[in-house]
Amino acid sequence: MTENIKKTSEPVKKKNVQIDDRTMIKVKSIYYGQVNYKNKRSGEQTIWENIGDIQVMPFGELRIMKAEQVAFFKNQWLMIVGVADGESCTATPAEICKALVIDQYYSNFINPEDFGALCEMSTSVIKERVALMSDAAKDNLIVALNELIANGTLDSIKKIKTFEEVLGCELRENI
């Protein structure tokens, strides 16, 4: 017994994920320094003391942040990590970003945790990747590179000169 299975050439469209405003979302600082968000209406504050700090915020608050202070996302100061533990929502970080309509700000994003790996890439790849970064991400990279140079992780003069060229700054002294 054979069954005819009809194949369609149309791609299956994924439904947009619906996220309740009360769903708690983990948000990580990816900025070298303190990040301070204050809701203009309620006056409530959320502070990330250092790069890598994670705060949990309601999705609705993130929508307000995006609407009133988009620079937090546009400048890549914060990164959506996922849904907080214990929440029933199963949205991925990418789906949360899409629901917030901030995914375009992260299309060429390099996580600061990966800056060390960027230093290991060829100079041509470094030039390509850095050229795509936002100005705020480049500022973040400069801070990270100075730390990597100071601790000896980045010691290739050729690569340091490449970073200086693409970032338009001087990274080292007396090398």
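On a predicted model such as this, the values are computed, not experimentally measured, just so you know.

Undergrad: Help me out: how do you make sense of the pairing of strand β5 (residues 78–83) in this one?
TA: Across a regular strand the side chains alternate sides, sitting on one face of the sheet and then on the other. Summarising burial for β5: five of the six residues are buried, a large majority. Across five bridges, the pairing between strand β1 (residues 24–29) and β5 is antiparallel. Across the sheet, the residue bridging to Lys-26 is Gly-82, located in β5.

Undergrad: Teacher, can you tell me more about the packing of helix α5 (residues 123–131) against helix α7 (residues 157–167) here?
TA: Pairs of packed helices are described in terms of their axes, by the angle between the two and the distance that separates them. It is at 10 Å that the axes of α5 and α7 come closest, and there the two elements cross at 25°. One way to sum up the angle between α5 and α7 is to call them roughly parallel. Along this stretch, α5 crosses α7, giving a crossing that reads as right-handed. Together, Thr-123, Ile-126, Lys-127 and Val-130 of α5 and Lys-158, Lys-159, Thr-162, Phe-163, Glu-165, Val-166 and Leu-167 of α7 make up the contact between the two elements.

Undergrad: Would you mind going over the pattern of salt bridges with me for this structure?
TA: Close approach of charged atoms allows side chains with opposite charge to pair. Counted by the stated rule, this structure contains six salt bridges. When the shortest N-O distance is used, the salt bridge between Asp-20 and Arg-22 registers 2.9 Å. The exposure class of Asp-20 is partly exposed, given its relative accessible area of 35%. With a shortest N-O distance of 2.8 Å, Asp-21 and Arg-63 are connected by a salt bridge. In this pair, Asp-21 is assigned in the segment before β1 and Arg-63 in helix α1 (residues 59–68), connecting sequence segments 42 residues apart. A residue is classified by how much of its surface remains accessible, and Arg-63, at 42% relative accessible area, is partly exposed.

Undergrad: What exactly am I supposed to notice about the sheet that holds β1 here?
TA: Remark on secondary structure: sheet strands pair via backbone hydrogen bonds, oriented parallel or antiparallel. A sheet is described by the order of its strands in space; here three strands give the open sequence β4-β1-β5, paired in antiparallel fashion. The two strands at the open ends of the sheet, each matched to only one other strand, are β4 (54–58) and β5. Direction aside, the axes of adjacent strands within the sheet are offset by 35° on average. Contacting β1, β4 and β5, α1 runs over the sheet at an angle of about 95° to β4. Packed onto the sheet, helix α3 (residues 93–100) meets β1 and β5 and runs at close to 120° relative to β5.

Undergrad: Any chance you could explain the packing of aromatic side chains here in plain terms?
TA: What describes a pair of aromatic rings is the distance from one ring centre to the other and the angle between the planes of the rings. The full count for this structure, using the stated rule, is four aromatic pairs. Summarising the aromatic geometry, the rings of Tyr-106 and Phe-109 are spaced 5.5 Å apart at their centres and angled 70° between planes, so their arrangement reads as edge-to-face.

Undergrad: So what exactly am I meant to see when it comes to the packing of helix α6 (residues 135–150) against α7 here?
TA: Between α6 and α7, the least distance of the axes is 11 Å, while the angle of their chain directions is 160°. Comparing their axes, α7 and α6 come out roughly antiparallel. Between α6 and α7 lies a crossing whose hand is left-handed. Across the interface between the two elements, Lys-138, Leu-141, Ile-142, Leu-145 and Ile-149 of α6 pack against Ile-160, Phe-163 and Leu-167 of α7. Of the residues belonging to the contact of α6 with α7, the class tally is seven nonpolar, no polar and one charged.

Undergrad: Sorry, what's going on with the nonpolar core here?
TA: If you look at the biggest cluster of nonpolar residues, it comprises 25 residues, and the most contacted ones within it are Leu-62, Met-65, Ile-80 and Ile-96. Here this core takes four residues from β5, the largest share from any one element. Residues within four places of Leu-62 in sequence aside, it is in contact with Ile-25, Val-27, Met-57, Phe-73, Ile-80 and Leu-100. Leu-118, Cys-119, Leu-141 and Phe-163 belong to the second largest nonpolar core, which has 19 residues in total.

Conventions we followed
- The numbers attached to residues start from 1 for each chain and follow its sequence in the written order.
- Selection of residues for local features in this predicted model requires a pLDDT of at least 70, selection of side-chain atom pairs for listing and counting requires 80 or more, and totals for whole chains, interfaces and linings are taken over all residues.
- Side-chain metrics rest on all non-hydrogen atoms present in the structure, leaving aside hydrogens and water.
- Only protein chains enter the calculation, and the probe is 1.4 Å; a residue is then buried if its accessible area is under 20% of its type maximum, exposed if over 50%, and partly exposed in between.
- The numbering of helices and of strands both runs from the N terminus, where a helix is a DSSP run of H or I of at least 4 residues and a strand a run of E of at least 2.
- DSSP-based pairing: two strands are paired if at least 2 bridges between them are found.
- To get an axis, a line is fitted to the C-alpha atoms, and for a helix only the part in contact is used. The angle between two axes follows their N-to-C directions and goes from 0 to 180 degrees.
- Oblique is the label for every angle not falling under 35 degrees (roughly parallel), over 145 degrees (roughly antiparallel), or within 65 to 115 degrees (roughly perpendicular).
- We call a crossing left-handed when the near helix sits turned anticlockwise from the far one by less than a right angle, and right-handed when that turn is clockwise.
- Two residues qualify as a contact provided that any one of their heavy atoms is within 4.5 Å of a heavy atom in the partner residue.
- By convention in these notes, a salt bridge is any Lys or Arg side-chain nitrogen within 4 Å of a carboxyl oxygen on Asp or Glu.
- Only Phe, Tyr and Trp rings take part, Trp by its six-membered ring, and two of them pair if their centres are within 6.5 Å. Stacked means planes under 30 degrees apart, edge-to-face means over 60, and tilted covers everything else.
- Any residue outside Ala, Val, Leu, Ile, Met, Phe, Trp, Tyr, Cys, Pro, Asp, Glu, Lys and Arg is labelled polar, Gly included; the first ten of those are nonpolar and the last four are charged.
- Among the buried residues, those of types Ala, Val, Leu, Ile, Met, Phe, Trp, Tyr and Cys that are joined through side-chain atoms within 4.5 Å form a nonpolar core.

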